[in-house]
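Notes for the structure review
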Amino acid sequence: MENLTNHNNNQQTQNTTTGVLCAKCEHLNPASAELCEKCGAHLYIACTHCGRKNKRVDARCYHCHHRLHHSKFHRLKRKLVPKNWKSLVWQAILLLVASFIVYKIVVMIANYSP
Ligand SMILES: [Zn+2]
Ligand SMILES: [Zn+2]
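All residue numbers here refer to positions counted from 1 along the written sequence of the relevant chain. All chains are assigned letters beginning with A, and all ligands numbers beginning with 1, in the order in which they are written. In keeping with the model being predicted, local features are shown solely for residues with a pLDDT of at least 70 and side-chain atom pairs are shown and tallied solely at 80 or more, while totals for entire chains, interfaces and linings include all residues.

What to know about the overall build of the protein
Per the convention used, a helix needs a DSSP run of H or I reaching at least four residues, while a strand needs a run of E reaching at least two, with both numbered from the N terminus. The helix and strand inventory of the protein stands at 3 helices and 4 strands. When its helices and strands are written in sequence order, the protein yields α-β-β-β-β-α-α. Backbone-placed C-beta atoms define the burial measure: a residue is buried with 20 or more other C-beta atoms within 10 Å of its own, exposed with 12 or fewer, and partly exposed in between. The buried share among the 114 residues of the protein stands at 4%. Taking all contacts inside the protein whose residues are at least 6 apart in sequence as the whole, residues at least 24 apart take part in 5%. Each residue is represented by a C-beta atom placed from its backbone, and any two residues with such atoms within 7 Å are regarded as in contact.

Dropping the structure here:
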């Protein structure tokens, strides 16, 4: 009986002393910390649905179970579409125009008969 209560107590103290894992570098921070001691990343994230503060490592809100992070598909899409896509489009257009001009010149030279 004594062993059983001891075990329960141990579990309880373990739960309260468990800190917050950093979502980026997985450093274990004290529960009171707002930022990661190692890399400075935010440890908590506000739920977009109910606004409650959640641990960033958790996938869903503890209160309303709303997803805290974007889905993998969303992340993939963000990776595939870079932020500077507009400049990339302009570069592609310039490249097209340049290759068109070069093509025209080549055709002109090929058709040139003195
Ligand atoms: Zn960290
Ligand atoms: Zn929520």
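Re the confidence of the model for the protein
The pLDDT value tells you how sure the predictor is about a given residue, anywhere from 0 up to 100. Considering every residue of the protein, the mean pLDDT works out to 83; 81% of them sit at 70 or more. Here residues 8-16 scores under 50 on pLDDT; set against residues more than four positions off or in separate chains, the count is 0 contacts.

Structural notes on the environment of Thr18
Examined against the element boundaries, Thr18 turns out to sit in the loop between helix H1 (2-17) and strand E1 (20-21). Placed 12 residues apart in sequence, Thr18 and Pro30 show a C-alpha to C-alpha distance of 7.4 Å.

Notes on helix H3 (residues 85-111)
In this model, H3 (27 residues) spans 39 Å end to end at C-alpha, consistent with the 39 Å of a helix rising 1.5 Å per residue. With 0 of 27 residues buried, H3 is to be regarded as a mostly surface element. Here a helix's expected span is defined as the number of its residues, less one, multiplied by 1.5 Å.

Topic: the environment of His42
Examined against the element boundaries, His42 turns out to sit in the loop between strand E2 (28-29) and strand E3 (44-46). Here the alpha-carbon distance between His42 and Lys24, two residues 18 residues apart in the chain, equals 9.1 Å. The contact partners of His42, leaving out residues within four places of it in the chain, are Leu35 and Arg56.

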